[in-house]
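Summary of the model geometry
In case you want the letters, here they are:
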Protein chains: 2
Amino acid sequence: MVQPHAIGRLSLYRRLLTDHLNPGTQFVFSHELATMARVSPAQVRRDLMHLDSTGSPSKGYRVDELVASLGNELDHPTGQLVALVGIGNLGRALMTYFQGRRERLAITAAFDRDPEKVNRVYQGCRCHHVEELETVLKRDNIRTTILAVPAADAQRMADRLVAAGVRGLLNYAPVPLRVPNDVYVEEQDMTTALERVAYFARERRPPRRED
Amino acid sequence: MVQPHAIGRLSLYRRLLTDHLNPGTQFVFSHELATMARVSPAQVRRDLMHLDSTGSPSKGYRVDELVASLGNELDHPTGQLVALVGIGNLGRALMTYFQGRRERLAITAAFDRDPEKVNRVYQGCRCHHVEELETVLKRDNIRTTILAVPAADAQRMADRLVAAGVRGLLNYAPVPLRVPNDVYVEEQDMTTALERVAYFARERRPPRRED
DNA sequence: GTAGCGCTGTGAGGCGATTCACAGTATCGC
DNA sequence: GCGATACTGTGAATCGCCTCACAGCGCTAC
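Residues numbered from 1 in each chain as written. Chains lettered and ligands numbered in written order. Predicted model: local features only at pLDDT ≥ 70, side-chain atom pairs only at ≥ 80, totals over all residues. Heavy atoms only, no water.

Right, let's get into the protein's contact with DNA strand D. Close contacts around DNA strand D come from 23 residues, with B:Ser30, B:Arg46, B:Thr54, B:Gly55 and B:Tyr61 the closest. In DNA strand D, atoms within 4 Å of the protein come 58% from sugar and phosphate. In this structure, B:Arg45 approaches DNA strand D through a side-chain N or O atom, which is 2.9 Å from a base nitrogen. At the level of secondary structure, the elements contributing two or more residues to the surface near DNA strand D comprise helix H1 (4–19) and helix H3 (41–49) of chain A together with helix H2 (30–37) and helix H3 (41–49) of chain B. Across the surface near DNA strand D, the residue classes break down as six nonpolar, 11 polar and six charged. (Near = heavy atom within 4 Å. Polar contact = N/O pair within 3.5 Å; in protein donor to acceptor, adjacent residues only side chain to side chain. Helix = DSSP H or I, 4+ residues; strand = E, 2+ residues; numbered from the N terminus. Nonpolar A, V, L, I, M, F, W, Y, C, P; charged D, E, K, R; others polar.)

Have a look at this one:
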């Protein structure tokens, strides 16, 4: 029903509304949100269409109501725990980046196999040894995981995660993962991204809409 | 002509061929590459169609030839330099991750405004103060940049980068950038990605093709 | 009260990317 | 040599997302 891209934009809209709006702003028009999100006004309206909050002509959307509706759509009703596997530079960056941002989406379990890291606390979250993976995930009923391990370990970890009940994977390892098709994987391949940018920084016309 | 997504896949194909194939493999079929890349065989063939290397029925594609053709398409003929702005955890992760992987695509300039970091060397690349941005970029004719600074600084940095001649931006800051439309930007929004994964880890049907 | 304006919500259309499906062909076995 | 096989290259069909364009409406001004 709802397109994957649309969900990403909803998340962005919420962030723009809460973090980048003049405090005290009560209403926004679709074209304002569109400008901030760098998409078309029609796109914004279509994305918000299915939400329970509705806009009024001549005022636009109530910001507080809209944020609440976006929360309804995006957040787990009671809260959702996230695990992070791999506490390298990238893992730590993700940690500092996410922690404390969303009340209902928090990294509560971290794993690494380096004994140096095990039992240390990162951003208020203790690092477990990977061997405890299954135990912790099942105990806390964690279904969402960020994978930030070296390429060589990624598939093996993914298999263990899926077996332990994980249904959503954010993969920063540079290998596409093979998972059953009721598991959602989002590949965040940095190499690919950089090579694409490098490519379009050169001769060819970049795929963009005019301003 | 060539679709942006296709370029990303070409980059992936190359990596799979060079890093994840049994050493000594001389030929691959589209369906083998497809399995590794988690796309359809038809997709692979269409992506490779425009390359100068051609496959043979009953043998498939010559690996060495294919890798060379992919290099022709993806790499700058003589080499392309990349700048990295922001040497936080994320910046350092990107650095260690990319350095030395591609002969013709290397991060050669790093910038931060923290005096602690300036003049230190990360992965063989000295960190300059942001004030030297324009000088260094112009001196080295750098047109590709990775932006890994806090949200609040992102747009200002982007403006300076574009003014200094940058034509491709890989943006890890969680704000969509406003740039002229001859500049290619790729947004790598981690928050959005995580919220999307969390969303699809829950009730809804994930958008995936069957195996 | 009423005219006018400008926005929302949305059906319909368009466009780009992916898949289908098949003609052409190199190889193998006999 | 020749038939069978399984793959590549690609036109055509399909699919899904985005944009267009407009009907409907609430607000404002007078």
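The structure having been displayed, the exposition proceeds.
What follows is about the environment of B:Arg202. Looking at the element boundaries, B:Arg202 is found in the segment after helix H8 (190–201). In this structure B:Arg202 comes out as buried when scored by relative accessible area, which is 13%. Measuring from C-alpha to C-alpha, the distance between B:Arg202 and B:Phe111 comes to 40 Å, with 91 residues separating the pair along the chain. In this view, B:Arg202 contacts A:Glu73, A:Leu74, A:Asp75, A:His76 and A:Gln80; residues no more than four positions away in its chain are not counted. (Buried < 20%, exposed > 50% of the residue type's maximum accessible area, 1.4 Å probe, protein only. Contact = heavy atoms within 4.5 Å.)

Looking now at the relation of the copies chain B and chain A. In screw terms, the move from chain B to chain A is a rotation of 180° and a rise of 0.0 Å along the axis, fitting with an RMSD of 0.1 Å. What the superposition gives is, in effect, a two-fold axis relating one chain to the other. A high fraction, 100%, of the interface residues of chain B reappear at the interface in chain A, so the copies pair face to face through one surface. (Least-squares fit on C-alpha atoms with pLDDT ≥ 70 in both.)

Turning our eyes to something else, we now look at the packing of helix H8 (residues 190–201) of chain A against helix H5 (residues 89–98) of chain B. One way to put it is that H8(A) packs onto H5(B) with a least axis distance of 11 Å and a crossing angle of 85°. Between H8(A) and H5(B), the angle is such that the two are roughly perpendicular. Across the interface between the two elements, A:Met190, A:Thr191 and A:Leu194 of H8(A) pack against B:Leu90, B:Leu94, B:Tyr97 and B:Phe98 of H5(B). A class-by-class count of the residues in the contact of H8(A) with H5(B) yields six nonpolar, one polar and no charged. (Axes fitted to C-alpha atoms, helices over the stretch in contact; angles between N-to-C directions. Parallel < 35°, antiparallel > 145°, perpendicular 65-115°, else oblique.)

What follows is about the packing of aromatic side chains. Overall, the coordinates contain six aromatic pairs over all chains when judged by the stated rule. Taken together, a centroid distance of 5.9 Å and an interplanar angle of 70° make the contact between A:Tyr97 and A:Phe98 edge-to-face. Joined through ring pairs, the aromatic side chains of A:Tyr184, B:Tyr199 and B:Phe200 make up one cluster. For A:Arg101, the ring lying beneath its charged end belongs to A:Tyr97, and the centroid distance is 4.7 Å. (Phe/Tyr/Trp six-rings, centres within 6.5 Å; stacked < 30°, edge-to-face > 60°. Lys NZ or Arg CZ within 6 Å of the ring centre and 35° of its normal.)

Attention now moves to the side chain of A:Thr144. Checked against the element boundaries, A:Thr144 lands in strand E7 (residues 144–147). A distance of 3.1 Å separates the side chain of A:Thr144 from the side chain of A:Gln80, its partner in a polar contact. Contact partners of A:Thr144, with chain neighbours within four places excluded, come to A:Gln80, A:Leu81, A:Val82, A:Ala83, A:Gly168, B:Leu194, B:Val197, B:Ala198 and B:Ala201.

Residues and elements named next belong to chain A. Positive phi is not limited to glycine here, since Ser58 has a value of about 70°. Position of Ser58 among the secondary structure elements: in the loop between H3 and strand E2 (61–62). Relative accessible area serves as the criterion here: at 70%, Ser58 is assigned to the exposed category.

The next subject is the sheet that holds strand E4 (residues 105–112) of chain B. All names here are of chain B. The mixed open sheet is built from seven strands, whose spatial order is E5-E6-E4-E3-E7-E8-E9. The open sheet has two free edges, formed respectively by strand E5 (121–122) and strand E9 (184–187), since each of these has just one partner strand. Two elements, strand E3 (residues 80–85) and E4, share six bridges in a ladder whose sense is parallel. When the bridges of E4 are listed, Val85 appears paired with Phe111. Each of E3, E4 and strand E6 (125–129) touches helix H6 (residues 133–140); the most contacted strand, E4, lies at about 165° to it. (Pairing = 2+ DSSP bridges.)

Another aspect to go through is the packing of H1(A) against H3(A). All names here are of chain A. H3 packs onto H1 with a crossing angle of 100° between their chain directions and a minimal axis gap of 10 Å. Between H1 and H3, the interaxial angle falls into the category roughly perpendicular. Contacts between H1 and H3 pair Ala6, Arg9, Leu10 and Tyr13 from the former with Gln43, Val44, Asp47 and Leu48 from the latter.

Moving on: the side chain of A:Asn171. Looking at where A:Asn171 falls in the secondary structure, it is placed in strand E8 (residues 168–171). Those residues in contact with A:Asn171 that lie beyond four places of it in its chain are A:Leu147, A:Leu177, A:Val185, A:Glu186, A:Glu187 and A:Gln188.

Right, let's get into the interface of chain B and chain A. Each partner contributes to the interface: chain B provides 74 residues, whereas chain A provides 74 residues. Counting each side, the surface lost to burial between chain B and chain A is near 6600 Å², with a carbon and sulfur contribution of 60%. Among the residues chain B hides against chain A, the three largest losses belong to B:Tyr184, B:Leu194 and B:Glu195. Together they make up 10% of the total. Taken together, chain B and chain A are joined by eight salt bridges. A salt bridge links A:Asp189 to B:Arg15; its shortest N-O distance comes to 3.0 Å. For the pair chain B and chain A, the interface holds 23 residue pairs in polar contact (both at pLDDT 80 or more). (Buried area = accessible area lost by both parts, 1.4 Å probe. Salt bridge = Lys/Arg side-chain N within 4 Å of Asp/Glu carboxyl O.)

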